[in-house]
Amino acid sequence: MINLTPKVCIVGCGNVGMRYAYSMIISGVTREMVLVDYNREKAEGEAMDLSHGAPFVSPIKIYAGDYPDTANSDLVVISAGRGQKPGETRIDLIKANAEIFKTIIPEIVEYSPNAIILVATNPVDILSYITYKISGKPAKEVIGSGTVLDTARLRYLIGKELNVDSRNIHASIFGEHGDSEFPVWSKAVVGDVFFKEYFKYCNKDNNETKLKKIFEDVRDSAYKIIEKKGETSYGIGLSLTKISKAILKNQNSVLPVSSLLENYYGISDLYLSVPAIVSRQGIRQVMKVEFDKLELEALKNSALKIKEVIKASGF
């Protein structure tokens, strides 16, 4: 059953958390939003600033609070943690952010035991797994933002290359949200036409060099943006809103979120991005994709890299 007045809690009022909050307010998805941050004054200032847009958006109550104020949240989005520095990989963040999560998760579960937890902090696959382990919640109720943003970047670049509305591009990035992610070219579709066939119709060269360049631009986007402006936040803010809509509105959307895999081509007990049906109950179903040989190898490689880091972190 859909809650017509859902409550959303955001833990972490940095750039990502606030871009998400702004996007959610404009979208009109929630009626109550509580902001939690170790810097209480910053959270209060953000809440005041956002609240002053009330005449321009759907009715919403926005306020700063501590964990008791988050009680009975329907959705808790975690964007707290140390940010990614120029030249630093997402995996480098694991130790510091894992320690932060050990203090956050028990508080969330205590006050909102039935909430869906959506993790945005990097490295998101590992921290989603850690959240699942610490929380003791069913895996379907702990979701990572995964490769939803990477997939959006891929669709944008393909649309730009072909001069086609990116909303009509159906292509995805799976695996780790990070360096071992991979594109699923074998399933990519432009409208109702397979990607590689479409290239032929519009007299464009679809050689491997071109495809490789598109993917590399996707994979390296975060590094380039961080180098130029210090952080990435707008894209992930919109991505989190997309996932939140699927949850709060029970949309049953198919999204490449990070979810727990069990016996998925032999991969078990870790979080990675593959297509999943997202609804009010969280992950309704993880969908199995028929990969080609290279894609399946890439998925298993991504799983191996994540497993190594999980083992090293003690989880």
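Residues numbered from 1 in each chain as written. Predicted model: local features only at pLDDT ≥ 70, side-chain atom pairs only at ≥ 80, totals over all residues. Heavy atoms only, no water.

Draft legend 1. Geometry of the packing of helix H1 (residues 15-27) against helix H9 (residues 234-248). For the pair H1 and H9, the least separation of the axes is 8 Å and the interaxial angle reads 50°. The angle between the axes of H1 and H9 places the two elements in the oblique class. Read as a crossing pair, H1 and H9 show a hand that is right-handed. Touching Val16, Arg19, Tyr20, Ser23, Met24 and Ser27 of H1 are Tyr234, Ile236, Gly237, Leu238, Leu240, Thr241, Ser244, Lys245 and Leu248, all from H9. Of the residues contributing to the contact of H1 with H9, the split by class is 8 nonpolar, 5 polar and 2 charged. (Axes fitted to C-alpha atoms, helices over the stretch in contact; angles between N-to-C directions. Helix = DSSP H or I, 4+ residues; strand = E, 2+ residues; numbered from the N terminus. Parallel < 35°, antiparallel > 145°, perpendicular 65-115°, else oblique. Left-handed = near helix turned anticlockwise from the far one by under 90°. Contact = heavy atoms within 4.5 Å. Nonpolar A, V, L, I, M, F, W, Y, C, P; charged D, E, K, R; others polar.)

Draft legend 2. Molecular detail of unusual backbone geometry. For the bond from Asn122 to Pro123, the omega torsion is 0°, close enough to zero to count as cis. The residue Pro123 is located in the loop between strand E5 (116-119) and helix H4 (124-135) in this model. Although it is not a glycine, Asn250 adopts a positive phi angle of roughly 50°. Tracing the chain through its elements places Asn250 in the loop between H9 and strand E12 (253-255). Phi at Tyr265 is positive, roughly 55°, even though this residue is not glycine. Turning to its location among the elements, Tyr265 is positioned in the loop between strand E13 (258-261) and strand E14 (270-273). On the basis of relative accessible area, Tyr265 is assigned to the partly exposed category, the value being 26%. (Buried < 20%, exposed > 50% of the residue type's maximum accessible area, 1.4 Å probe, protein only.)

Draft legend 3. Just the side chain of Ser239, in detail. The topology assignment puts Ser239 in helix H9. Looking at Ser239, the relative accessible area reads 6%, which means it is buried. In this structure Ser239 touches Val148 and Leu149, once residues within four positions along its chain are discounted.

Draft legend 4. Spatial organisation of the sheet that holds strand E11 (residues 193-194). Overall, antiparallel pairing links the 3 strands, which are arranged E7-E10-E11 in an open sheet. The outermost strands of the open sheet, each flanked by one partner alone, are strand E7 (169-170) and E11. (Pairing = 2+ DSSP bridges.)

Draft legend 5. Region of interest: the environment of Ile169. The residue Ile169 is located in strand E7 in this model. Look past the residues within four positions of Ile169 in its chain and what remains in contact with it is Arg155, Ile158, Gly159, Val164, Val189 and Val190.

Draft legend 6. Expanded view of the nonpolar core. Counting 44 residues, the largest nonpolar core has Val11, Ile78, Ile104, Ile108, Phe291 and Leu299 as its most contacted members. Ignoring anything within four residues of it in the chain, the contact list for Ile78 reads Val11, Phe101, Ile104, Ile105, Ile108, Ile117, Leu118, Val119, Ala120 and Thr121. If you look at the next biggest cluster of nonpolar residues, it comprises 36 residues, including Ile10, Met18, Val29 and Ala64. (Core = buried A, V, L, I, M, F, W, Y, C linked by side-chain atoms within 4.5 Å.)

Draft legend 7. Quick look at helix H10 (residues 293-313). With 21 residues, H10 should cover 30 Å at 1.5 Å per step; its first-to-last C-alpha distance of 31 Å lies within 8% of that length. Listing the buried residues of H10 in full gives Glu295, Ala298, Leu299, Ser302, Ala303, Ile306, Val309 and Ile310. Down the axis of H10, the buried side of the element spans an arc of 135°, and every buried residue falls inside it. Exposed residues lying more than 90 degrees from the buried face of H10 are Lys293, Leu294, Lys311 and Ala312. N-capping of H10 is provided by Asp292, with a side-chain oxygen placed 3.2 Å from the backbone N of Leu294. (Expected span 1.5 Å × (residues − 1). Arc of directions from axis to C-beta. Polar contact = N/O pair within 3.5 Å; in protein donor to acceptor, adjacent residues only side chain to side chain.)

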